[in-house]
Amino acid sequence: MAMKQKPKNNVELNKMRAAGRLAAELLDYLTPFVKEGETTEKLNELAHNFTIEHGAVPAPLNYRGFPKSICTSINEVVCHGIPSEKDVLKSGDILNIDVTVILDGFHGDTSRMFLIGDVSDEHKKLVQDTYESMMVGINTVKSGSDVKDIGNAIEAFIKPKGYGIVQEYCGHGIGKVFHSDPMVVHYATDHPSYSMKLRKGHTFTVEPMINMGQAGTELMDDEWTVKTVDRKFSAQFEHTIAVTDEGVEILTESPKGYHCPPYNV
Ligand code: MF3
Ligand code: CO
Ligand code: CO
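Definitions and cut-offs
Residues numbered from 1 in each chain as written. Chains lettered and ligands numbered in written order. Predicted model: local features only at pLDDT ≥ 70, side-chain atom pairs only at ≥ 80, totals over all residues. Heavy atoms only, no water. Near = heavy atom within 4 Å. Polar contact = N/O pair within 3.5 Å; in protein donor to acceptor, adjacent residues only side chain to side chain. 1 Å grid on protein atoms, 1.4 Å probe; cavity = no way out; pocket = protein on both sides within 12 Å on 5 of 7 lines; lining within 4 Å. Sits in = over half its atoms within 2 Å of the grid points. Nonpolar A, V, L, I, M, F, W, Y, C, P; charged D, E, K, R; others polar. Points joined across faces, edges and corners; volume = space filled by probe spheres on them. Helix = DSSP H or I, 4+ residues; strand = E, 2+ residues; numbered from the N terminus. Donors = N, O, S within 2.8 Å, 3.2 Å for Na, K, Ca; no water. Tetrahedral: all angles 85-135°; square planar, octahedral: opposite > 155°, others 65-115°. Buried < 20%, exposed > 50% of the residue type's maximum accessible area, 1.4 Å probe, protein only.

1. Side note on the site of ligand 1
Working step 1: Every one of the 14 residues lining ligand 1 counts as a neighbour, but Pro-60, His-172, His-179, Glu-207 and Glu-238 are closest to it.
Working step 2: At 3.1 Å from an oxygen atom of ligand 1 is found a side-chain nitrogen or oxygen belonging to Asp-109.
Working step 3: Side-chain polar atom of His-172 to an oxygen atom of ligand 1: 3.1 Å apart, as the coordinates give it.
Working step 4: Assessed atom by atom at 2 Å from the grid points, ligand 1 resides in the largest pocket.
Working step 5: Classifying every residue of the shell around ligand 1 gives six nonpolar, four polar and four charged.

2. So, empty space enclosed by the protein
Summary: where empty space remains is shown by rolling a probe the size of a single water molecule over the atoms.
Working step 1: Evaluation of the coordinates by the stated rule reveals one cavity of 30 Å³ or more.
Working step 2: Size it by volume and the largest cavity reaches roughly 40 Å³.
Working step 3: For the largest cavity, the full set of lining residues is Ser-111, Arg-112, Tyr-131, Met-134, Phe-237, Glu-238, His-239, Thr-252, Glu-253, Ser-254, Tyr-258 and His-259.
Working step 4: Contributing elements (two or more residues each) for the lining of the largest cavity: strand S5 (106–115) and helix H3 (121–138).
Working step 5: Looking at the lining of the largest cavity residue by residue, the classes come out as four nonpolar, five polar and three charged.

3. Description of the coordination of the cobalt ion (ligand 2)
Working step 1: Summarising the metal site, the cobalt ion (ligand 2) is bound by the protein donors Asp-109 (OD), His-172 (NE2), Glu-207 (OE) and Glu-238 (OE), whose distances to it range over 2.0 to 2.2 Å.
Working step 2: Around the cobalt ion (ligand 2), the six donor atoms are arranged such that angles at the metal cover 51 to 160°; this shape is classified as irregular.
Working step 3: In terms of primary sequence, the donors binding the cobalt ion (ligand 2) are separated according to D-x62-H-x34-E-x30-E.
Working step 4: The metal-metal distance between the cobalt ion (ligand 2) and the cobalt ion (ligand 3) is 3.3 Å, with Asp-109 coordinating both. On the criterion of sequence distance, the pair formed by Glu-207 in the loop between strand S9 (203–206) and strand S10 (209–211) and Glu-238 in the loop between strand S13 (234–236) and strand S14 (239–243) is long-range, its members being 31 residues apart.
Working step 5: Under the relative-accessibility criterion, Glu-207 is labelled buried at 8%.
Working step 6: On the accessibility criterion, Glu-238 (0% relative accessible area) is buried.

Below, the structure is given as structure tokens:
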């Protein structure tokens, strides 16, 4: 069994709601700036300032030495891409922006994909399928379900499409701590380490990384950037969620309705 997470009380859940909402608002705010010719460094600056102005702290900055306030992962980058002046967005790119804010001591963690200019049909489909896989996983969650049901459902949805599901990185418990138990894997497993019975007040992320080709990943020399081994494209979405009596509450839902591209800015 995974280490048990202590369920959050209503006061704590309200703080998780506020943090999750701010993280989603941050992605909404960035959306009109995500276009051809823009650098990921500029997106980082905008995100950093927005976070501070809203009384929050960007969790990635200095987290285990991470140098920036958001992660920006383009094309074959699976996750943990570092914003840079050298990364100029160009037509055909697919970009994941992953933001985490700390508000009143609690974390809100969410990411979405963005399509730059003319993206190929196969890459658009990868992005759409990845979004749907996240929702398929989230929709298994209710009081009494098992956290491993998420990965089982995602694999049943994704595998027939021929994609690779990344195994080295997973979702995680979240609250006052950025990454805690349980581990939320996005593939099918019966291993007891990935099993935990869910209860009202449990909060964690679901964040599948889906590859066009092989599932394998490779860590670059900067010790953060993760790429696909075959350099084919990868997509990811992430929500922070809470288990409720009724089922599940998505804490990082976009107030502007920017769930999955195209976003009607
Ligand atoms: N936001 C990422 C996650 O979903 C973690 C990024 S850690 C960082 O868990 F240091 F790279 F920012
Ligand atoms: Co996360
Ligand atoms: Co994240």
